[in-house]
Amino acid sequence: MARISLENVSKTYPDGHRAVHSLNLAVDDGEFIVLVGPSGCGKSTALRMVAGLEDISEGQILVDGAVANELSPRDRNIAMVFQSYALYPHLTVAENIGFGLKVRGVAKATIAEKVKAAAQTLELSEYLGRKPAQLSGGQRQRVAMGRAIVREPNAFLMDEPLSNLDARLRVHMRTEIARLQKMTGVTTIYVTHDQVEAMTMGDRVAVMNRGVLQQFGPPRVLYHEPANLFVANFIGSPAINLLEGRLLSGENAVELTLGRERLKLPATLLERKPAIADYVGRTVAVGLRPETLTVGEPGPSSVMGVVSFIEDLGASLLVHFQVEAPPPRLDGDGLGIDDDETEFVQRGERGRVRATVDGFASLREGDRLPLAIDLERIHLFDRRTGLAIGTRPR
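Calculation notes
- Residues numbered from 1 in each chain as written.
- Predicted model: local features only at pLDDT ≥ 70, side-chain atom pairs only at ≥ 80, totals over all residues.
- Heavy atoms only, no water.
- Helix = DSSP H or I, 4+ residues; strand = E, 2+ residues; numbered from the N terminus.
- Buried < 20%, exposed > 50% of the residue type's maximum accessible area, 1.4 Å probe, protein only.
- Areas by Shrake-Rupley, 256 points an atom, 1.4 Å probe, with all protein chains shown as cover.
- Contact = heavy atoms within 4.5 Å.
- Pairing = 2+ DSSP bridges.
- Phe/Tyr/Trp six-rings, centres within 6.5 Å; stacked < 30°, edge-to-face > 60°.
- pLDDT = per-residue confidence, 0-100.
- Core = buried A, V, L, I, M, F, W, Y, C linked by side-chain atoms within 4.5 Å.
- Polar contact = N/O pair within 3.5 Å; in protein donor to acceptor, adjacent residues only side chain to side chain.
- Axes fitted to C-alpha atoms, helices over the stretch in contact; angles between N-to-C directions.
- Salt bridge = Lys/Arg side-chain N within 4 Å of Asp/Glu carboxyl O.

## As for the overall build of the chain
Piece 1. Scanning the chain from terminus to terminus reveals 9 helices and 20 strands.
Piece 2. C-alpha atoms of the chain, sized along the principal axes, occupy 80 × 50 × 40 Å.
Piece 3. Put simply, the chain has 394 residues, and 49% of those count as buried.
Piece 4. For the chain, the exposed surface amounts to about 18,700 Å²; the carbon and sulfur share of it is 48%.

Rendered as structure tokens:
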């Protein structure tokens, strides 16, 4: 097993493109870490630098405290699992799994023993005599995993290993990979662009954009305490709702205006996030998770919305509303956001929000209904920096 640390690691290509900017990550022994972000964010480049397949422009990578920058991929004792499986079509499953051991000159009896054990773990025993062409996509991916397991590496590196599978099989395989990692206890760094994969598999998740680490922490922290607008929008399905609001000083309280509505913020929220008081008199971006909106409940914390579209998901409905509060106007470009790649830089005078509603609810397009907001769970962001407005720095 291994502890892996990236200290101020950067990658700049000869054409000047900087793929990774001063990345700092510390992966504990036996931990399952996921790197997630949109295409081109630098996550695969970071993984390949850990593997030794990409040179490091700046910084250093340490494995169990020893600098590994100059070590060849073979000498790092790290096993890589690729998106493409990389199986030899002319070899059987058993030969594919044991190929790396054979190249290293391991005794045949030892190879056979390790291949048998890996096949049992991966439920491949009955397929050992088959060729890759005779296997399903999920079985081929398990063969690729078996080839990595028999090496008994210090760490697994997985680069989007499930992206070639259909949606149903991806759900099954992500469960199997997580189970296997817990069983073996091998340190694992896993790369994906799928935030649902990241949230369901990782002990901790590193969100990247434009080569910069945005936030690193447990999945629940990323969801409930996003560090900035990018993380808030990227993590969560359905995506977070974003509106423009203004913080005002009320009678012994801080109030938030959304359109014509003026909502009193709970004292407990202000105690948890005292920096909110610093933004009184300023316009902010307001984040509302779909599950924090309750349809049809008027009250002091509600706004009016008109149903514009309904997505029937079976067990629930995802109901789209138009509300009077406008979408946020984002002032700066320090957000790491491209307007054409994100949902939350909305256009038009009225904002749009989505609410998760029970699947048996009777709603129709055009209905005008109150939306009660759980104000304890709102997120406020600085419109210029995109940073979450939370506790004051210590």
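## Quick word on the environment of Glu152
Piece 1. Position of Glu152 relative to the elements: it lies in the loop between helix 4 (137-149) and strand 7 (155-159).
Piece 2. Accessibility expressed as a relative area gives 55% for Glu152, which makes it exposed.
Piece 3. Remark: the alpha-carbon pair of Glu152 and Phe32, spanning 120 residues in sequence, is separated by 16 Å.
Piece 4. Among residues more than four places away in sequence, those in contact with Glu152 are Asn77 and Lys114.

## Quick notes on helix 1 (residues 43-51)
Piece 1. The buried fraction of helix 1 amounts to 7 of the 9 residues, a majority that puts the element mostly inside the structure.
Piece 2. The complete set of buried residues in helix 1 reads Lys43, Thr45, Ala46, Leu47, Met49, Val50 and Ala51.
Piece 3. Positive phi appears at Gly52, one or two residues downstream of helix 1, with a value of about 90°.

## Thoughts on the pairing of strand 12 (residues 253-258)
Piece 1. Of all 6 residues that make up strand 12, 6 are buried, and the element is covered over most of its length.
Piece 2. Every second residue of strand 12 is oriented toward a common face, with Ala253, Glu255 and Thr257 on one face and Val254, Leu256 and Leu258 on the other, all of them buried.
Piece 3. Counted between consecutive antiparallel strands, the loop separating strand 11 (residues 241-250) from strand 12 contains 2 residues, among which Asn252 sits at a positive phi close to 55°.

## Things to note about the side chain of Thr45
Piece 1. Inspection of the secondary structure assignment puts Thr45 in helix 1.
Piece 2. Judged by relative accessible area, Thr45 falls into the buried class, the value being 14%.
Piece 3. With sequence-adjacent residues up to four places away left out, Thr45 is seen in contact with Lys11, Tyr13, Ala19 and Val20.

## Concerning the sheet that holds strand 2 (residues 18-27)
Piece 1. If you walk across this open sheet you meet the 4 strands as 2-1-4-5, and the pairing is antiparallel. At either end of the open sheet lies a strand with only one pairing partner, and these are strand 2 and strand 5 (66-67).
Piece 2. The pairing of strand 1 (residues 4-12) with strand 4 (residues 58-63) spans 5 bridges and is classified as antiparallel. Among the inter-strand pairings, Ile4 is bridged to a residue of strand 4, identified as Val63.

## Considering the packing of aromatic side chains
Piece 1. One pass over the structure, following the stated rule, counts 3 aromatic pairs.
Piece 2. Ring centres of Tyr88 and Phe99 lie 4.6 Å apart, and the angle between their planes is 50°; on these two criteria the pair is classed as tilted. One end of the pair, Tyr88, is in the loop between strand 6 (78-81) and helix 2 (93-103); the other, Phe99, is in helix 2, and 11 residues separate them in sequence.
Piece 3. Residue classification places Tyr88 among the partly exposed residues on the basis of a relative accessible area of 34%.

## What to know about the confidence of the model for the chain
Piece 1. Summarising the model, the chain shows a mean pLDDT of 90, and 94% of its residues fall at 70 or more.
Piece 2. Predicted confidence for residues 337-348 stays below pLDDT 50, and this span has 26 contacts to residues more than four positions away or in other chains.

## Brief notes about the nonpolar core
Piece 1. Counting 43 residues, the largest nonpolar core has Ile177, Tyr190 and Val207 as its most contacted members.
Piece 2. Ranked by residue count, the leading element in this core is helix 4, at 5 residues.
Piece 3. Once residues lying within four places of it in the same chain are set aside, the contact partners of Val207 are Val36, Val212, Leu213, Gln214, Gln215, Leu222, Phe230, Val231, Phe234 and Ile235.
Piece 4. In terms of nonpolar packing, the next biggest core, distinct from the first, is built from 33 residues, Leu288, Leu293, Val357 and Ile389 among them.

## Looking at the environment of Glu176
Piece 1. Mapping Glu176 onto the fold places it in helix 5 (residues 167-184).
Piece 2. C-alpha separation for the pair Glu176 and His17, spaced 159 residues apart in sequence, amounts to 37 Å.
Piece 3. Of the polar contacts made by the side chain of Glu176, one reaches the side chain of Arg179; its length is 3.0 Å.

## Some words on the side chain of Thr257
Piece 1. Locating Thr257 in the fold gives a position in strand 12.
Piece 2. Once residues lying within four places of it in the same chain are set aside, the contact partners of Thr257 are Glu244, Gly245, Arg246, Leu248 and Arg262.

## Side note on the sheet that holds strand 7
Piece 1. Read across the sheet, 6 strands follow the order 6-7-8-3-9-10 without closing on themselves; strand pairing throughout is mixed. The strands lining the two open edges of the sheet, one partner per strand, are strand 6 and strand 10 (212-217). This sheet shows a mean twist of 15° between the axes of neighbouring strands, independent of strand direction.
Piece 2. With 4 bridges connecting them, strand 6 and strand 7 associate as parallel partners.

## Section: the pattern of salt bridges
Piece 1. Across all of its chains, the model carries 14 salt bridges by this definition.
Piece 2. Salt bridges sharing common partners tie together Lys11, Arg48 and Glu54.

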